[in-house]
Amino acid sequence: MCGRYVMARDVGDLVAEFDVDETYVDSLEPSYNIAPTDPVPIILDRRDKVSGDHSRKLVTARWGLVPPWSKDTKSAARLINARRETVTEKPSFRKAAASKRALVPADGYYEWEKREVPGAAEAAAKGVKIEKVPTFLHASDCGVLAFAALFENWPDPALPPDDPERWVRTCTILTGPASDSLGYIHDRTPVIVPRAMWADWLDPETTGEADVKALIDAMPEPHLTPRIVGSLVNSVRNNGPELIAPA
């Protein structure tokens with residue numbers, strides 16, 4: 001799964017990297033410990049209703065999807081990830097998979113590898129637990145990663161229809177089975193869209209279930225570099241470049 005990640009690039013970096021046409025984000029603070037329900041930058045393509053032209057946009061969304069039919073935002077913390085195997089079928093995700101796909105830019109993400117503490121088998125009766133080793137996974141060239149994502153716009157029923165704050169944009173990150181090379185760290189990994197497929201993934205004209213499934217199936221296994229880091233990342237209160245330093 002993906003439950004914490006790093007995004008430490010500024011607006012200009014993302015505009016250039018993703019060929020953004022319009023940005024609705026003035027500034028971004030580097031974050032080395034993004035957690036569920038945090039506001040995050042996302043990239044999406046929309047078609048102009050008048051001209052028919054596509055425009056790539058940089059916007060923000062709250063991490064944790066809230067389907068438009070939800071009565072409140074309580075589902076957000078549970079829907080930070082969507083399984084690639086079932087995303088076109090699950091009621092919470094299938095409409096977004098058809099028409100609201102996005103990219104979530106990241107410098108890398110964290111997983112906690114479970115390791116047996118030496119002597120744990122013999123000491124199990126005494127309550128010795130499995131050790132969880134925080135690991136930062138990133139591109140070998142330290143380039144930007146683009147997580148496959150979905151977004152939704154949720155209307156807050158507590159606000160009037162003409163209130164500009166009524167619509168809340170939320171998002172979820174797709175995950176899939178981890179490859180053999182990373183599976184020992186965690187059995188799930190974010191779906192990472194290669195640069196050559198960014199336009200295909202974002203294309204708002206691709207709406208058929210079979211076509212979306214074909215897109216997802218075409219995503220290659222990510223090739224990432226793991227780095228064991230210190231325990232500072234275990235707390236969401238900590239946030240700084242020291243979190244990704246080698247332990």
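Residues numbered from 1 in each chain as written. Predicted model: local features only at pLDDT ≥ 70, side-chain atom pairs only at ≥ 80, totals over all residues. Heavy atoms only, no water.

## With respect to the sheet that holds strand S13 (residues 224-228)
Piece 1. Pairing within the open sheet is antiparallel, and its five strands lie in the order S3-S1-S8-S9-S13. Looking at strand neighbours, the two that pair on one side only are strand S3 (31-34) and S13, the edges of this open sheet. If you compare each strand with its neighbour and ignore which way they point, the axes differ by 30° on average.
Piece 2. Summarising the sheet, strand S9 (residues 131-139) and S13 pair through five bridges and their orientation is antiparallel. Of the residues in S13, the one forming a bridge with Ala 139 is Leu 224. (Pairing = 2+ DSSP bridges. Helix = DSSP H or I, 4+ residues; strand = E, 2+ residues; numbered from the N terminus. Axes fitted to C-alpha atoms, helices over the stretch in contact; angles between N-to-C directions.)

## Section: the packing of aromatic side chains
Piece 1. Scanning all chains against the criterion turns up six aromatic pairs.
Piece 2. Relative to Trp 63, the ring of Tyr 5 has its centre 5.2 Å away and its plane inclined at 70°; by these criteria the two rings are edge-to-face. A residue pair is termed long-range when its members are at least 10 positions apart, and Tyr 5 in strand S1 (residues 5-7) and Trp 63 in strand S5 (residues 54-63) qualify at 58 residues. As far as burial versus exposure is concerned, Tyr 5 and Trp 63 are alike and both buried.
Piece 3. With a centroid separation of 4.4 Å and 25° between ring planes, the pair formed by Phe 18 and Trp 198 is classed as stacked. Here Phe 18, found in the loop between helix H1 (11-17) and strand S2 (22-23), pairs with Trp 198, found in helix H4 (residues 198-202); they are 180 residues apart in sequence, far enough to count as distant. (Phe/Tyr/Trp six-rings, centres within 6.5 Å; stacked < 30°, edge-to-face > 60°. Buried < 20%, exposed > 50% of the residue type's maximum accessible area, 1.4 Å probe, protein only.)

## Quick notes on the nonpolar core
Piece 1. In this structure, Tyr 5, Ile 42, Phe 147 and Trp 201 are the most contacted members of the largest nonpolar core, which totals 58 residues.
Piece 2. Here this core gets seven residues from one element, more than from any other, and that element is strand S10 (residues 145-155).
Piece 3. Setting aside residues no more than four positions away along its own chain, Ile 42 makes contact with Lys 57, Leu 58, Val 59, Ala 61, Ala 102, Leu 103, Val 104, Pro 105, Phe 151, Arg 169 and Cys 171.
Piece 4. Among the nonpolar cores identified, the runner-up in size contains eight residues, and Val 6, Tyr 32, Leu 243 and Ile 244 belong to it. (Core = buried A, V, L, I, M, F, W, Y, C linked by side-chain atoms within 4.5 Å. Contact = heavy atoms within 4.5 Å.)

## Remarks on the pattern of salt bridges
Piece 1. Within this structure, the stated rule accounts for 11 salt bridges.
Piece 2. Two residues, Lys 57 and Glu 22, come together in a salt bridge whose shortest N-O distance is 2.5 Å. Placement of Lys 57 in strand S5 and of Glu 22 in strand S2 is noted, with a sequence separation of 35 residues between them.
Piece 3. On the accessibility criterion, Glu 22 (29% relative accessible area) is partly exposed. (Salt bridge = Lys/Arg side-chain N within 4 Å of Asp/Glu carboxyl O.)

## What about the environment of His 138?
Piece 1. With respect to the secondary-structure elements, His 138 resides in strand S9.
Piece 2. Given the relative accessible area of 6%, His 138 is considered buried.
Piece 3. Remark: the alpha-carbon pair of His 138 and Ser 75, spanning 63 residues in sequence, is separated by 29 Å.
Piece 4. For His 138, the contacting residues outside a window of four places in its chain are Asp 107, Gly 108, Leu 224, Thr 225 and Arg 227.
Piece 5. A distance of 3.4 Å separates a polar atom in the side chain of His 138 from a polar atom in the side chain of Arg 227. (Polar contact = N/O pair within 3.5 Å; in protein donor to acceptor, adjacent residues only side chain to side chain.)

## Some details on helix H5 (residues 209-217)
Piece 1. Taken together, the buried positions of H5 are Val 212, Leu 215 and Ile 216. One side of H5 carries all its buried residues, which in axial view fall inside an arc of 95°. Summarising the geometry of H5, the exposed residues directed more than 90 degrees from the buried face are Ala 210 and Asp 217.
Piece 2. Close packing links the buried residues of H5 with helix H2 (94-99), strand S7 (101-106), strand S11 (167-177) and H4. (Arc of directions from axis to C-beta.)

## Considering the pairing of S7
Piece 1. In terms of residue burial, S7 counts as a mostly covered element, since six of its six residues are buried.
Piece 2. Side chains Arg 101, Leu 103 and Pro 105 project from S7 onto one buried face, and the interleaved Ala 102, Val 104 and Ala 106 project onto a second face that is buried too.
Piece 3. Here S7 runs beside S10; their pairing, made up of six bridges, is antiparallel. Along S10, the bridge assignment pairs Pro 105 with Ala 146.

## So, the side chain of Thr 172
Piece 1. Along the chain, Thr 172 turns up in strand S11.
Piece 2. A distance of 3.0 Å separates the side chain of Thr 172 from the backbone oxygen of Ile 80, its partner in a polar contact.
Piece 3. Here Asn 81 takes part through its backbone nitrogen, which lies 3.2 Å from a polar atom of the side chain of Thr 172.
Piece 4. Dropping the residues within four chain positions of it, Thr 172 is found in contact with Leu 65, Leu 79, Ile 80, Asn 81, Ala 82, Phe 93, Ala 148, Ala 149 and Leu 150.

## Observations concerning unusual backbone geometry
Piece 1. One non-glycine residue, Asp 19, lies in the positive phi region at around 55°.
Piece 2. Owing to a relative accessible area of 56%, Asp 19 belongs among the exposed residues under this scheme.
Piece 3. In the Ramachandran plot, Cys 142 falls in the positive-phi region, its phi being about 60° despite a non-glycine side chain.
Piece 4. Along the chain, Cys 142 turns up in the loop between S9 and S10.

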